[in-house]
Amino acid sequence: MRILFAVRQPNLFQPFAFPSFRVNDDYRIIDEVLEDKEIVMELAKDIPDTDTGRARTPVEQTLRFLVLRHQKGLDYRALEETLNVNLADRWFCKINGIAPCFKTIQNQLSLIDGATVKRINDRIMGEATRRKLTRGKKLRVDSTITKANIHYPTDVSIIADGIRTIVRQTKALGLAPKGLRTFRRSLKQSINHLRSLGKKAETARRTIIEKVAAMGRAVINRTMAITEKTIVKTRTLLSKVVAQTETVLNGQTPNDRVVSIFEPSARPFRKGKAGIPCEFGVEVQVQEDERFVTNWEINTKPSDVSFFPRAIEKHRTLFGKPPRDTATDRGYWSPENYAAAVAAGVKNVSLPKKGYTDREVQERQSTWAFKKNQRYRAGGEAKISLLKRIYGLGRVRDKGERSMERWMGRWA
């Protein structure tokens, strides 16, 4: 049975046992925002209601678990522990007795969709606008790469992951066909041998890679009759990895490479950073006003140019008007984007042009307003750095595409 709201019951013994205990102002401000019943009702859309079984953890407490976990950067076990021993955290989450176990909390939070987190953020932004904490006069957007929680991918290691996963799944479900080989020893020997070879031993490396690809094909063919959904998904990914491995062996470059069996949405990105030739994850578009992160969007392929018009439209939806100033880097430039911003009513469009600049563009980009907004844009780099260092934007710790979307809303 679904329960919507939680009641904070006073503890009669706490003032005597902990006379110096006080709830800090940050908790009280967040608590005041989360008392909005409409926010709880938004989250309740993701929590199924049933007439049988024991009562679920209240939806309001689930929301507070989500906020507390991401504010402190805790895993589920640490969250359970702090809810049992930390008085401020217990007060914030309205815990009156023993806290739910970490698995219960994990199951509850896994039901939350990324779109729901966005709707909650939109409502909070509406409240911030009503209280005049922001006026929506400025807009800046920037993109960054959020890494997936995966090991460095090679074709051989991904095939090995796929084989081990299929074997484990079939055995757990009791669907393992008779005579299914695990290739455990052969995979270990092949990977160790490959690591010991130098880059110049191309013939030996190719022989080992072909051998591992053949192992993957054998497991795929042996489990082809199994129609269970989980195994079909893993087998499809493994087939793509084997196919892209064979493409590379033929001297061609595969399109849309799979870099992980466990995080299929992750993609390789070459950003040209010193010491980091390639990052594996997703691109995140971060949109801000004067004070807050107002919107974010996950892309598996770079698409700065296409995001800019959507950012202006989202800003108009949140504040009921276009921004007075917009600031981006050159990655968002296109003649259509500049014209769209002007047509939308943006007074100062600080959008640097790529390539050759004629006299008219040079004069526009040398104005005081353009330079001032570019300095404002540079502040977005500091905001992204803060989000990565403290609030988890740098790497997604949760597993799965749905969890990735929910994870992105933790720092808004």
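What this report covers is the structure whose coordinates are included nearby. What you are looking at is a predicted structure, and each value in this text was computed from that prediction instead of being measured.

### With respect to the packing of helix α10 (residues 184-196) against helix α11 (residues 202-222)
- Put simply, α10 and α11 touch, their axes get as near as 10 Å, and they point 155 degrees apart. On the basis of their axis angle, the class for α10 and α11 is roughly antiparallel. In this structure, α10 crosses over α11, and the sense of that crossing is left-handed. For the pair formed by α10 and α11, the contact residues are Ser186, Leu187, Ser190, His193 and Leu194 on the first element and Arg205, Ile208, Lys211, Val212 and Met215 on the second.

### Considerations on unusual backbone geometry
- Even without being a glycine, Lys132 presents a positive backbone phi close to 60 degrees.
- As for its position among the elements, Lys132 is in the loop between α8 (114-130) and β1 (138-148).
- Among the residues examined, Lys132 registers a relative accessible area of 59% and is labelled exposed.

### Some words on the pairing of strand β3 (residues 279-288)
- The element β3 is extensively covered by neighbouring structure, given that 10 of its 10 residues are classed as buried.
- As paired strands, β1 and β3 are joined by 8 bridges and run antiparallel to one another. When the sheet's bridge partners are listed, Ser143 is paired in β3 with Gln285.
- Bridge count between strand β2 (residues 267-269) and β3: 3 bridges; the pairing is antiparallel. Bridge pairing links Pro268 to Phe280 in β3.
- As paired elements, β3 and strand β4 (residues 293-299) share 6 bridges and run antiparallel to each other. The residue bridging Glu283 from the neighbouring strand is Asn299, located in β4.

### Things to note about the packing of aromatic side chains
- Per the stated rule, a full pass over the model turns up 3 aromatic pairs.
- Note on Tyr152 and Phe280: the rings are 5.3 Å apart at their centroids and 90 degrees apart in plane angle, and the pair reads as edge-to-face. Here the residue Tyr152 occupies a position in the loop between β1 and α9 (155-172), and Phe280 occupies one in strand β3, the gap between them amounting to 128 residues.
- On the basis of relative accessible area, Phe280 is assigned to the buried category, the value being 13%.
- In this structure, Arg69 is placed above the aromatic ring of Tyr76, and the distance from its NZ or CZ to the ring centre is 4.2 Å.
- The ring of Trp296 has Lys118 lying over it, and the distance from NZ or CZ to the ring centre is 5.8 Å.

### Notes on the pattern of salt bridges
- Counted by the stated rule, this structure contains 27 salt bridges.
- One salt bridge in this structure joins Glu35 and Arg64, with 3.2 Å as the shortest N-O distance. Placement of the pair is Glu35 in the loop between α2 (25-34) and α3 (37-44) and Arg64 in helix α4 (residues 59-72), with a sequence separation of 29 residues.
- Across the pair Glu246 and Arg217 runs a salt bridge, and its minimum N-O distance is 3.3 Å.

Calculation criteria
Residues numbered from 1 in each chain as written. Predicted model: local features only at pLDDT ≥ 70, side-chain atom pairs only at ≥ 80, totals over all residues. Heavy atoms only, no water. Axes fitted to C-alpha atoms, helices over the stretch in contact; angles between N-to-C directions. Helix = DSSP H or I, 4+ residues; strand = E, 2+ residues; numbered from the N terminus. Parallel < 35°, antiparallel > 145°, perpendicular 65-115°, else oblique. Left-handed = near helix turned anticlockwise from the far one by under 90°. Contact = heavy atoms within 4.5 Å. Buried < 20%, exposed > 50% of the residue type's maximum accessible area, 1.4 Å probe, protein only. Pairing = 2+ DSSP bridges. Phe/Tyr/Trp six-rings, centres within 6.5 Å; stacked < 30°, edge-to-face > 60°. Lys NZ or Arg CZ within 6 Å of the ring centre and 35° of its normal. Salt bridge = Lys/Arg side-chain N within 4 Å of Asp/Glu carboxyl O.

So far we have only geometry, and geometry alone does not tell us how the molecule works.
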